[in-house]
Amino acid sequence: MGGDAAGPVPMEGHDFALWEKRVDALMALCSAKGHFTVDGLRRALEDMGEDAFENHSYYERWVAAINQNLIEAGLYTLEELGTRMQVVAARGRTYGDASGA
Amino acid sequence: MPHDHHDLSPSGHPYRTDNDGPLTYWQQMEIALRELLIEKGILTAAEVSAQIDLMDSRSPANGAAVVARAWTDPDFKARLLDNAGDAAREMGFDIGVLHLIAVENTDMVHNLIVCTLCSCYPRNLLGLPPDWYKTRAYRSRAVREPRAVLAEFGITLPETVQLRVHDSTADMRYIVLPARPAGTEGLDEAALAQLVTRDSMIGTGLPRALE
């Protein structure tokens, strides 16, 4: 990416949503506790390929990369995650409803 | 800033699409993995909240205080350029284990910071990076045509000024020590800190001029 050609720098910003702040916090806490490192995060991000940078937002890529590292670290299984994601989705149609537990 | 003023919040940002929008797949994943980590005793909900509060408490004002101290205290400035992490810790800022390196702008040298690999940023001092810092466009072009990038931020450097671009890494973060604006001899440290912008500490901006 560094050194590639690209268009103008987009200047617009946004306020971070609660779920984005939580993803950021999960990264900080899991790395502080020694479960994986920033390098592990970046390796998973780079494994996604260039399309991911076009099609997913920053913290979408981060949550996927954190999840990849946590599963590799054996903290939970893909099955546990899938089951829990279904439970979460069944709670409601919005982030507020689904995370309200 | 070239903002389109439609659909902006009172703070000047686009309205965020978080808690009341339809639940996305990635939000579902965030909730699920956070709950699993809490249930397995790896972290607590209180730790997550405290970490969010900690990041929210970090802002460019912290970096501005460091810069203003360096502008007024030559000994502190020498320590900052020698070891920015230790100098910031002197002022009570929690820099963590990362190496923090301050690079000084002068009449002859302008410094610009980027992370071409991802989004490494002096976040423990300045808070979370602006969105543009994380974009493909900035990360690609800052090392390819930095003067053109600076021009988009409204900075045109004379050709005689050397431009140094610093690429951050996971454990080495940079902060720019901007040059003290002319005509500020009479200002105290607090007033000087008001002139220091976030972008001036990244190198995509300059301190505010005196009114």
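Residues numbered from 1 in each chain as written. Chains lettered and ligands numbered in written order. Predicted model: local features only at pLDDT ≥ 70, side-chain atom pairs only at ≥ 80, totals over all residues. Heavy atoms only, no water.

Per an unreviewed UniProt entry, chain B carries the name Nitrile hydratase and comes from Thalassovita taeanensis.

The name given to chain A in an unreviewed UniProt entry is Nitrile hydratase beta subunit, with the source organism recorded as Thalassovita taeanensis.

A few words now on the overall build of chain A. Assigned secondary structure in chain A consists of 6 helices and 0 strands. In chain A, the order of α-helices and β-strands from amino to carboxyl end is α-α-α-α-α-α. Overall size of chain A, expressed as C-alpha extent along the three principal axes, is 45 × 30 × 25 Å. For chain A, buried positions account for 45% of its 101 residues. Restricting to contacts in chain A with at least 6 residues of sequence separation, those with at least 24 account for 57%. (Helix = DSSP H or I, 4+ residues; strand = E, 2+ residues; numbered from the N terminus. Buried < 20%, exposed > 50% of the residue type's maximum accessible area, 1.4 Å probe, protein only. Contact = heavy atoms within 4.5 Å.)

To continue, consider the overall build of chain B. Along the backbone of chain B there are 9 helices and 4 strands. Overall, the C-alpha framework of chain B stretches about 55 × 40 × 35 Å when taken along its three principal axes. For chain B, the share of sequence-separated contacts (at least 6 apart) that also reach a separation of at least 24 residues comes to 63%. Working note: accessible area of chain B is about 10000 Å², and carbon and sulfur atoms make up 53% of it. Positive and negative side-chain charges of chain B, numbering 20 and 29 respectively, have mean locations separated by a distance of 5 Å. (Areas by Shrake-Rupley, 256 points an atom, 1.4 Å probe, with all protein chains shown as cover. Lys, Arg positive; Asp, Glu negative; His and termini not counted. Charge placed at Lys NZ, Arg CZ, Asp CG, Glu CD.)

By convention, interface size is frequently given as the accessible area that disappears when the constituent parts associate. According to the domain assignment, chain B contains domain 1 (25-56) and domain 2 (59-201). The straight-line distance from the C-alpha centre of domain 1 of chain B to that of domain 2 of chain B is 31 Å. (Domains from an automatic or database assignment.)

This part is about the packing of helix 2 (residues 38-47) of chain A against helix 4 (residues 58-72) of chain A. All names here are of chain A. At a minimum axis separation of 9 Å, helix 2 and helix 4 run at an interaxial angle of 115 degrees. By the angle class used here, helix 2 and helix 4 are roughly perpendicular. Once helix 2 is placed against helix 4, the crossing between them reads as right-handed. Within the contact between the two elements, helix 2 uses Gly40, Leu41, Arg43, Ala44 and Leu45 and helix 4 uses Arg61, Trp62, Ala65, Ile66, Gln68, Asn69 and Glu72. (Axes fitted to C-alpha atoms, helices over the stretch in contact; angles between N-to-C directions. Parallel < 35°, antiparallel > 145°, perpendicular 65-115°, else oblique. Left-handed = near helix turned anticlockwise from the far one by under 90°.)

Once that is clear, we can look at the interface of chain A and chain B. At the junction of the two partners, chain A supplies 65 residues and chain B supplies 60 residues. Taken together, both faces of the contact between chain A and chain B bury some 5900 Å²; the carbon and sulfur share is 65%. If you look at where chain A meets chain B, you find 7 salt bridges. On the surface where chain A and chain B come into contact, there are 17 residue pairs in polar contact (both at pLDDT 80 or more). Looking at which element gives the most residues to the side of chain A that touches chain B, the answer is helix 1 (residues 18-32) of chain A, with 11 residues. (Buried area = accessible area lost by both parts, 1.4 Å probe. Salt bridge = Lys/Arg side-chain N within 4 Å of Asp/Glu carboxyl O. Polar contact = N/O pair within 3.5 Å; in protein donor to acceptor, adjacent residues only side chain to side chain.)

Looking now at the nonpolar core. Counting 49 residues, the largest nonpolar core has Val9 of chain A together with Leu80, Leu125, Tyr133 and Tyr138 of chain B as its most contacted members. Tallying contributions element by element places helix 3 (residues 60-72) of chain B first for this core, with 6 residues. Sequence-distant contacts of Leu125 of chain B, defined by excluding residues within four places in its chain, comprise Ser59, Asn62, Gly63, Val66, Ala88, Phe93, Ile95, Leu100 and Ile175 of chain B. If you look at the next biggest cluster of nonpolar residues, it comprises 42 residues, including Cys30, Leu41 and Ile66 of chain A together with Leu36 of chain B. (Core = buried A, V, L, I, M, F, W, Y, C linked by side-chain atoms within 4.5 Å.)

Following the criterion strictly, the structure yields 11 aromatic pairs over all chains and no others. A connected cluster of aromatic rings, assembled from ring pairs, spans Tyr121, Trp132, Tyr133, Tyr138 and Phe153 of chain B. Across from the ring centre of Phe76 of chain B, 5.8 Å away, lies the NZ or CZ of Arg69 of chain B, which sits over that ring. Just above the ring of Tyr58 of chain A sits the side chain of Lys134 of chain B; from NZ or CZ to the centre is 3.8 Å. (Phe/Tyr/Trp six-rings, centres within 6.5 Å; stacked < 30°, edge-to-face > 60°. Lys NZ or Arg CZ within 6 Å of the ring centre and 35° of its normal.)

With that settled, consider the packing of helix 5 (residues 78-91) of chain A against helix 1 (residues 25-39) of chain B. Where helix 5 of chain A meets helix 1 of chain B, the axes come as close as 8 Å, and the angle between the chain directions of the two elements is 115 degrees. Along this stretch, helix 5 of chain A crosses helix 1 of chain B, giving a crossing that reads as right-handed. The segment helix 5 of chain A lies against helix 1 of chain B, with Glu80, Leu81, Arg84, Met85, Gln86, Val88, Ala89 and Arg91 of chain A engaging Tyr25, Gln28, Met29, Ile31, Ala32, Leu33, Glu35, Leu36 and Glu39 of chain B. Here the residues of the contact of helix 5 of chain A with helix 1 of chain B are counted per class, giving 10 nonpolar, 2 polar and 5 charged. (Nonpolar A, V, L, I, M, F, W, Y, C, P; charged D, E, K, R; others polar.)

Let's shift gears to the pattern of salt bridges. Taken as a whole and judged by the stated rule, the model has 19 salt bridges over all chains. Connected through shared salt-bridge partners, Arg84 and Arg91 of chain A together with Glu35 and Glu39 of chain B make up one network.

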